[in-house]
Amino acid sequence: YKKAGTVATVDEAGEAATLDAAVEIGEAANVYMDAYGYVVYVTDVNTTLEYLYMEASSYDSVDGARAKVVFADGSTDTITISKVNDAPVKTKPTAEMVYSYTVSGSKYALTEVEKKNVTTIKEGNASLGNDVYADANTVFVVKDTSSSWKVYTGVANVPSLKELTALVACDKNGYADVVFVTAS
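About the thresholds
- Residues numbered from 1 in each chain as written.
- Predicted model: local features only at pLDDT ≥ 70, side-chain atom pairs only at ≥ 80, totals over all residues.
- Heavy atoms only, no water.
- Buried < 20%, exposed > 50% of the residue type's maximum accessible area, 1.4 Å probe, protein only.
- Helix = DSSP H or I, 4+ residues; strand = E, 2+ residues; numbered from the N terminus.
- Pairing = 2+ DSSP bridges.
- Axes fitted to C-alpha atoms, helices over the stretch in contact; angles between N-to-C directions.
- Contact = heavy atoms within 4.5 Å.
- Polar contact = N/O pair within 3.5 Å; in protein donor to acceptor, adjacent residues only side chain to side chain.

**Q** So what's going on with the pairing of strand 9 (residues 97-104)? Which residues, and what values?
**A** With 6 of 8 residues buried, strand 9 lies mostly within the body of the structure. Sheet topology note: the strand 9/strand 10 (residues 107-112) ladder contains 6 bridges and is antiparallel. For Tyr101, the partnering residue across the bridge sits in strand 10 and is Leu110. Where strand 9 folds back onto strand 10 in an antiparallel hairpin, the turn is made up of 2 residues, including Gly105, whose phi is positive at roughly 65 degrees.

Shown next as structure tokens:
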């Protein structure tokens, strides 16, 4: 089956697009049809927003974009990236960044998270500096001296860390959802 790319559509921004631009083969999608079976609207499948830290990345014309990442549960993997900021990947993605992600099949669509840095974490102290706050639900993913990752949930459970490098994904109120501590 060859996907239809000539169907004219309008995206959320009101720009003209094609069905071909809205859906990639192998990606999950919600397809809405009229009473005659014609596609009238296509959206991404709703998924839960998750975060990852990209340690390293690469790109080549055969394998596309790949990255070594750490997830908020402390697990690591090498992933294949289909999109960054809703655009198909044509170059090496920016590493040492926090991204939110969705997964369709085995491919990850990434969205850059606003970069917030903190340099000190004090056990039990909600303020992380730089107008960033932690609470009982904040997940701290900390790289230890053996380069493995340890996870702490809640500001009361994370140890005090000084002179660190950490990137934070915050909610709209400035509270940290996840903090990736890459050096301490």
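Still to come is the rest of the account.
**Q** Describe in detail the sheet that holds strand 15 (residues 149-153), supporting the description with residues and values.
**A** Strand order in the open sheet formed by 5 strands is 11-16-17-14-15, with mixed pairing between adjacent strands. The two strands at the open ends of the sheet, each matched to only one other strand, are strand 11 (116-118) and strand 15. Taken over all neighbouring pairs, the strand axes of this sheet differ in orientation by 25 degrees on average, direction set aside. Bridge count between strand 14 (residues 139-143) and strand 15: 5 bridges; the pairing is antiparallel. Within the sheet, the bridge partner assigned to Val142 lies in strand 15 and is Lys150.

**Q** Summarise the environment of Ser127; cite the residues concerned and give the values.
**A** Here Ser127 lies in strand 12 (residues 127-129). With relative accessibility at 36%, the residue Ser127 sits in the partly exposed group. Counting along the chain gives 48 residues from Ser127 to Tyr175, while the straight-line C-alpha distance between them is 9.3 Å. When sequence neighbours within four positions are dropped, the list of residues in contact with Ser127 reads Val132 and Tyr133. A polar contact is formed between the side chain of Ser127 and the backbone nitrogen of Gly129, at a distance of 3.4 Å.

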